[in-house]
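Structural overview for review
Below, each chain spelled out in residue letters.
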Amino acid sequence: MRTLWRIIAGCFKWTWRAVNFIREFILNLFLIFLILICTGIYFQINSSSAPADVPRGALKVDLTGVVVDKPSVSNRLSKIGRQLLGASSDRLKENSLFDVVNAIRQAKDDKNITGMVLDLRDFAGADQPSLQYIGKALREFRDSGKPIYATGDSYSQAQYYLASFANTVYLSAQGTVDLHGFATNTLYYKSLLDKLKVTSHVFRVGTYKSAVEPFLRDDMSPAARDADSRWIGELWQNYLNTIAANRQITTQQLFPGAQGLLDGLQKVGGDTAQYAKDNKLVDELASRAAVDLQLTKKFGFNQQEHDYNNISIYDYPLKDNTSHDGNIAVVMANGAIMDGEEAPGSVGGDTTAMQIREARLDPKIKAIVLRVNSPGGSVSASEVIREELAAARDAGKPVVVSMGGMAASGGYWISTPASYIVASPSTLTGSIGIFGVINTVENSLDAIGVHTDGVATSPLADIASTKALPGEVQQLMQLSIENGYKNFLGLVAKSRNKTPEEIDQIAQGHVWTGSAAKANGLVDALGDFDDAVVKAAELAKLKDYQLQWSQDEPTLFEALLSQVDVSVRASLPAALKVYLPAPMADIMADMKKQPGLFDDLNDPQNRYALCLTCGDVR
């Protein structure tokens, strides 16, 4: 018996030692992996400033993911991760608009770049002003005498917008140019909230402030439908006009409407590729192999890569345009406006205000360009940014606002101190209105036998999500919202040299395109980021100027974790990827845009200047 126990104990001892060894071995491997990655990133960062040789051939603009004003992870760190970890291209979700444009403009003057290939099969899109800005750079490249070729198995609307700037557009014989129009879609929760017995207390000012409608209705109100139909129609017309001009056809030929498209497809037996060719949407129908042959004839063949001579836009070495001694500061306000420090994909009121303050106190900075691409958000955070921008202007430094895809609600609030506002014709702006939402679940709890009770020194103190909202608190909230709206009108009226009554006529939560905003006096000029910079230099009386970008880089550890996640996912077989939990942004993209459903909205007074539908155009 004693021998048996000795054998069992020995088995447990050796098993425990084996488990310990495996655990320590795995941890040591992980530690070595981290050290190697950190060392690689360190040397890559230090060597990235050295100019790399650019092979003679084409610049391949093989954009993947989306283009945004300010990526959550800087393009520099994404590029390093791509080089070190071999990250799959489909995971490079965010590209800097300004890096893309700078690369195209640099390639225009690069003697080693003899042309361009737009390989857009993995490009997911961008807002229309961003597409227009990239298109401007593409036209400059083409006008320099260097050809542009666009290749794709099929083209989405965003892909085709950029492809239309090419000299030659190739399409697969089984492909399509998917032109269908724009639409907005919003989730509505009234019936759900009723079934859950959740009480939504909504406070708002503005006939067209549709951000609160999901709590009050199961569909769009007629006023919201009318307003959205107007601005989305303008965006679609801008889209058609640009492409029609690029392809030298009429907008009717480009998109004859749903019935016209069906009639045209019936004539060619449903052959979408032939329809695109017959209507001059594309120039040639060709397979990938045939296109490669044509590009090889143009750019030559690389024996090592077994491809035509080219360099990816992700590998193309950009000259360092950043400067710590620039005289025009560029501050980015990209994403929803939140109180506190900045988080990836949002505007932190404290962070942005600090960047503006640093520019205000820097004697080398003579002007500030605030790039706004935001649907708005917290009123208190918007006011923190606005106050700091007003202080910079009052200190004698011209402030020019460059509006991107959106500068609505809180995005317009922070723009009011500007000396000059430049918007794209397709910018969505205005949406001047305020709302507040407080949800309580006292009826939900009551239905399952849970009740809340207690004492308070006043009704204003007796606030809890588990109790009915006291009438005095509801009155206080409505007064606060009305006061916020009054202040909003006053700020806009003062900045635009109008009366609050005049502004109220074009406010009420109304969303305007940049063109309509210019006609209504809400912006000073139509243009892009370049025009805003030129105006800032003019106001500051600068003949020579250099930009100084104010933005926080993620820490090395944050970048490392991001790239490790990318690498791990990229290395898995496609069959296993479907079982992995998708990013929250992919699963909850629509619901996350709804106000009050998540904790992202953190205004201390529950007051928001937010445009719900501005960022949901598809």
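Residues numbered from 1 in each chain as written. Predicted model: local features only at pLDDT ≥ 70, side-chain atom pairs only at ≥ 80, totals over all residues. Heavy atoms only, no water.

**Notes on the confidence of the model for the protein chain**
Per-residue confidence for the protein chain gives a mean pLDDT of 84; residues scoring 70 or more make up 80%. Low pLDDT (under 50) marks residues 45-51, which in the prediction has four contacts with non-local residues, meaning those over four places away or in another chain. Residue range residues 84-91 is modelled with pLDDT below 50. Its contacts to residues more than four positions away, or to other chains, number 21 contacts. (pLDDT = per-residue confidence, 0-100. Contact = heavy atoms within 4.5 Å.)

**Quick word on the sheet that holds strand E5 (residues 123-125)**
The strand order across the open sheet formed by three strands is E3-E2-E5, and the pairing between neighbours is parallel. Looking along the sheet, the strands with just one partner apiece sit at the ends: strand E3 (94-96) and E5. For this sheet, the mean inter-axis angle between neighbouring strands, taken without regard to orientation, is 40°. Here strand E2 (residues 65-68) pairs with E3 via three bridges, running parallel. Counterpart to Val-66 in the pairing with E3 is Glu-94. Of the strands in this sheet, E2 and E3 are in contact with helix H3 (residues 97-108), which crosses E3 at around 55°. (Pairing = 2+ DSSP bridges. Helix = DSSP H or I, 4+ residues; strand = E, 2+ residues; numbered from the N terminus. Axes fitted to C-alpha atoms, helices over the stretch in contact; angles between N-to-C directions.)

**Focus: unusual backbone geometry**
At Lys-197, a residue that is not glycine, the phi angle is positive and equals roughly 60°. Tracing the backbone shows Lys-197 in the loop between helix H6 (190-195) and strand E8 (199-205). Exposure remark for Lys-197: the relative accessible area of 40% places this residue in the partly exposed category. The backbone of Gln-508 shows a phi angle near 60°, a positive value even though the residue is not glycine. When you line up the elements, Gln-508 lands in the loop between helix H18 (500-506) and strand E22 (511-513). (Buried < 20%, exposed > 50% of the residue type's maximum accessible area, 1.4 Å probe, protein only.)

**A short note on the pattern of salt bridges**
Under the counting rule described, the total for this entry stands at 20 salt bridges. With a closest N to O distance of 2.8 Å, Asp-119 and Arg-121 form a salt bridge. Owing to a relative accessible area of 12%, Asp-119 belongs among the buried residues under this scheme. A relative accessible area of 34% places Arg-121 in the partly exposed class. As a salt-bridge pair, Lys-467 and Asp-462 come within 2.7 Å of each other at their nearest N and O atoms. Since its relative accessible area comes to 14%, Lys-467 is described here as buried. (Salt bridge = Lys/Arg side-chain N within 4 Å of Asp/Glu carboxyl O.)

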